[in-house]
Amino acid sequence: MAYLEKFGKKTSMMAVFLMVMILVITVTGIMPVKAANNKTEIPVKVVYTIENKVVPAQGINENDNEFLKASYTTKLVAADGTSASQAIIDQCGAKLVPMYPASEIQNPLKFSGLESQAYDFSGAIPALLNQYVIEYDQSLAGNFELTYWYEKERTPVAGTDFEVNKPSFTYNGNTTVPGSAEQEALISAAEKLIQDSLAYRLPSTVSGHDAVLGTTGKAYGSWLIFTAARADYTPHNGFYAECYDAFVQKYQQSNKKDAQGKPLNEGFDANEVAKDVLAITAMGYDARNIGGYNLIEMLTNDKNPSEGYFVKQVSEFAIDSYNYLPDRDHAYIHELAAKALAGAVSHDDPLIDMYIMEFQPIAAFYDPNAKEGDAFYDVKQAMETVFIPYFSRIQGYTGLFYSGIDYNNAWSNAQSFIMLGTGDIDIFQSAFIKNGYSMLDILTDKNKSFSADEGQIARGYEALVRAYSNENKLFDCTDVSNSTIKVNNAIFALPEVSTITSANKAAAQKGLDAVDTVLKSLNLTASQKSSIDMSKYNAVKAKVAGTTDPTDPVDPTLPTVSCLYRTHIQNDGWETAFKSNGEMSGTTGRSLRLEGIEIKLEGDSDLGIQYKTHIENIGWENAWKANGGMSGTKGQSLRLEAIDIQLTGADADKFDVYYRVHAQNFGWLNWAKNGESSGTAGFGYRLEGIKIVVVPKGETPPAVEAGTNTLAFVSNN
């Protein structure tokens, strides 16, 4: 709305001026347009003159919000271009003023931070102009009325309502590569930021359970766990064991079973599964057996749909994270390379991280020395003709990246770092030095919030650090030295029990020796050992020991025994699925008591199991419960404080039962066996978790973690 000022009598001088103007209009042929108030309309437009910007050689302003703001002047001109109309505009003092003077102007004109000889601001000006109006002295306008976009209730149109020049944004040309000492310092600073960021986002007070499953007010998630594991950050001792137990709980509580009651690898969200695989693998566990569920099969059987972004890309990283499928082809990598070379994308999102994430998997296959005819020569072409030049082009005036919408966007920086690091690109080459800045000179604030993914920027820096240090690439977890995958691969290589005879038992024994060698070479935690399914190993070992007739395979002398158990947990109730062979039943980090337990055996009809518990306010049960019966109480909210377990039956002397508990304030205690008490007495402390394993007589149970209490039972009586 124009701000008009009413006035009284016209002076004789004004009358003469208006008569002259009418005469000029008549002579020049302008056809006057009468406004509703019988005044002649004169359309006005705004001319912007934006100054060129040059990045100084010294004292570069790193505050991009201020430095990238464009400096400009404005002038109001007649839209019809006539001197007569312009004279009226000038005569009445027309000027551009904020619509709301007390409010800060939004959407100021800003350069992107990228070098260019001709910035086009025409798309940004309408949002700016809509915050302004034209003010003029109506008394000096006489019978003329100035009109513009706001009075016409429309958005400003380029050419009609405004004009703007195309200014340049020029770099100072400093592409000096930092020396080795400076590079080391930059990498060290990035490493510190990684650790600080993870400590800030995943502090020591967060349990593995909450990290995997989240809490009421906080989500952490597998991406953050993966990043922490790859960066060798551990919130507290036992954190990753807690994470593993939580992953097992997550999949088992889905209760997806087939007709035989076995875990069914269908109906999960593949995008979520892929992220879980990466976290589990980075922690040193095997994603092919998470409480009986095979997460790798989920990513390859086409029975786990997902609506998540880039599920195929994340699945590629997950499946290749420990070479889970060594013989598979990589047709998808070639498909991505072809799309990149053709300039095709599957979305129209302007953010560069969306573009980068679509093609990220090819970076892992980039070999700068590849030659025509090599398997991944197409990846070399895509990286060197499309992506490396692209990253150099979108790198801004302080070495950081333009997102497609704004400068120094954390997600865009992170995804750029991940692809560059995964491709082992030298980030200190001159192509990536802008105005003397590398992409590590200005680090992201660790307190920055990343919404859906709080660890994304730490993951990006970790990718760059790994590339610089010649470590395994971010998603290549084969450098995880203590991984159960190595053991499981050796077990999978064992022959089937039914094929073993005296003639080939030597070869089977070599397979057993290979498993033993792998186990001895590793320093697995108790949690990792309990996650390994040794049933095939034990069966092959027993068959080899008992096979004498080369033509008639016999049953092993020692049947494989599985111990199954589940607990009744405060607030949660009974676990939906039985745990087995050293897996944890119960919870950690949630302060929930166990109230009941059921235990049973499978695999030997001549072997049984019995057990009794020490119950709050009741003490030790008078009678043993056996073979799946419940020990504890129902509906009384009474904690279990200790437990005794022993084997029964004709084969009881051929096996040992080991068990250990997680007790309030003590954590995990050591193993008890064959009827010994496990837990506490005289403290009033609850049991929170339990692990049970049945092994052949004389075989030792899994080792316990360093720092575990040496006692299996602690008494204060």
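Quick note: structure is the one above.
These numbers were taken from a predicted model, which means no experiment stands behind them.

### Notes on the pattern of salt bridges
Scanning the entire structure with this criterion turns up 28 salt bridges. Its salt-bridge partner being aspartate 320, residue arginine 328 comes within 2.9 Å of it at the nearest N-O pair. Assessed through its relative accessible area of 24%, aspartate 320 is described here as partly exposed. One salt bridge connects arginine 466 with glutamate 462, and the closest N-O pair in it is separated by 2.9 Å. Here arginine 466 and its partner glutamate 462 are both found in helix H17 (residues 456-468), 4 residues apart, which amounts to about one turn of the helix. Looking at arginine 466, the relative accessible area reads 4%, which means it is buried.

### As for the packing of helix H12 (residues 311-320) against helix H13 (residues 331-342)
Helix packing for two helices is described by the angle between their axes and how far apart those axes are. Where H12 meets H13, the axes come as close as 11 Å, and the angle between the chain directions of the two elements is 135°. What the angle tells us is that H12 and H13 run oblique. Judged by the sense of rotation from one axis to the other, the crossing of H12 with H13 is left-handed. Contact with H12, carried on its side by Lys312, Gln313 and Glu316, involves Tyr332, Ile333, Glu335 and Leu336 of H13 and no other residues of that element. Among the residues forming the contact of H12 with H13, the class breakdown is 3 nonpolar, 1 polar and 3 charged.

### Observations regarding unusual backbone geometry
Phi is positive for serine 591, close to 60°, though the residue is something other than glycine. With respect to the helices, strands and loops of the structure, serine 591 is situated in the loop between strand S12 (585-586) and strand S13 (594-602). Residue asparagine 617 is not a glycine yet carries a positive backbone phi of 70°. Summarising the element assignment, asparagine 617 is placed in the loop between strand S14 (608-615) and strand S15 (619-620). Residue asparagine 617 is classed as exposed on the basis of its relative accessible area of 74%.

### A closer look at H13
The terminal C-alpha atoms of H13, which comprises 12 residues, lie 17 Å apart, in line with the 16 Å expected from a rise of 1.5 Å per residue. Looking only at H13, the buried set comprises Tyr332, Ile333, Leu336, Ala337 and Ala340. Within H13, the buried residues cover an arc of 140° as seen down the axis, which keeps them to one side. Contacts made by the buried residues of H13 are with H12, helix H14 (352-359) and helix H15 (377-394). Glycine 343 sits one or two residues past H13 and shows a positive phi near 75°.

### Structural notes on the nonpolar core
With 143 residues, the main nonpolar core has Leu295, Phe387 and Phe391 as its most contacted residues. Among all residues touching leucine 295, those that are not within four sequence positions of it are Tyr251, Val273, Asp276, Val277, Ile280, Ala287, Arg288 and Ile290.

### With respect to the packing of aromatic side chains
Counted by the stated rule, this structure contains 36 aromatic pairs. Measuring from ring centre to ring centre gives 6.0 Å for tyrosine 119 and phenylalanine 121, while their planes differ by 25°; the resulting arrangement is stacked. For the pair formed by tyrosine 119 and phenylalanine 121, the shared burial category is buried. Members of the aromatic cluster, joined through ring pairs, are Phe67, Phe111, Tyr119, Phe121, Phe169, Tyr171, Tyr397 and Tyr407. The residue whose ring lies beneath arginine 459 is tryptophan 223, and the NZ or CZ to ring-centre distance is 4.2 Å.

Rules used throughout
Residues numbered from 1 in each chain as written. Predicted model: local features only at pLDDT ≥ 70, side-chain atom pairs only at ≥ 80, totals over all residues. Heavy atoms only, no water. Salt bridge = Lys/Arg side-chain N within 4 Å of Asp/Glu carboxyl O. Buried < 20%, exposed > 50% of the residue type's maximum accessible area, 1.4 Å probe, protein only. Helix = DSSP H or I, 4+ residues; strand = E, 2+ residues; numbered from the N terminus. Axes fitted to C-alpha atoms, helices over the stretch in contact; angles between N-to-C directions. Parallel < 35°, antiparallel > 145°, perpendicular 65-115°, else oblique. Left-handed = near helix turned anticlockwise from the far one by under 90°. Contact = heavy atoms within 4.5 Å. Nonpolar A, V, L, I, M, F, W, Y, C, P; charged D, E, K, R; others polar. Expected span 1.5 Å × (residues − 1). Arc of directions from axis to C-beta. Core = buried A, V, L, I, M, F, W, Y, C linked by side-chain atoms within 4.5 Å. Phe/Tyr/Trp six-rings, centres within 6.5 Å; stacked < 30°, edge-to-face > 60°. Lys NZ or Arg CZ within 6 Å of the ring centre and 35° of its normal.

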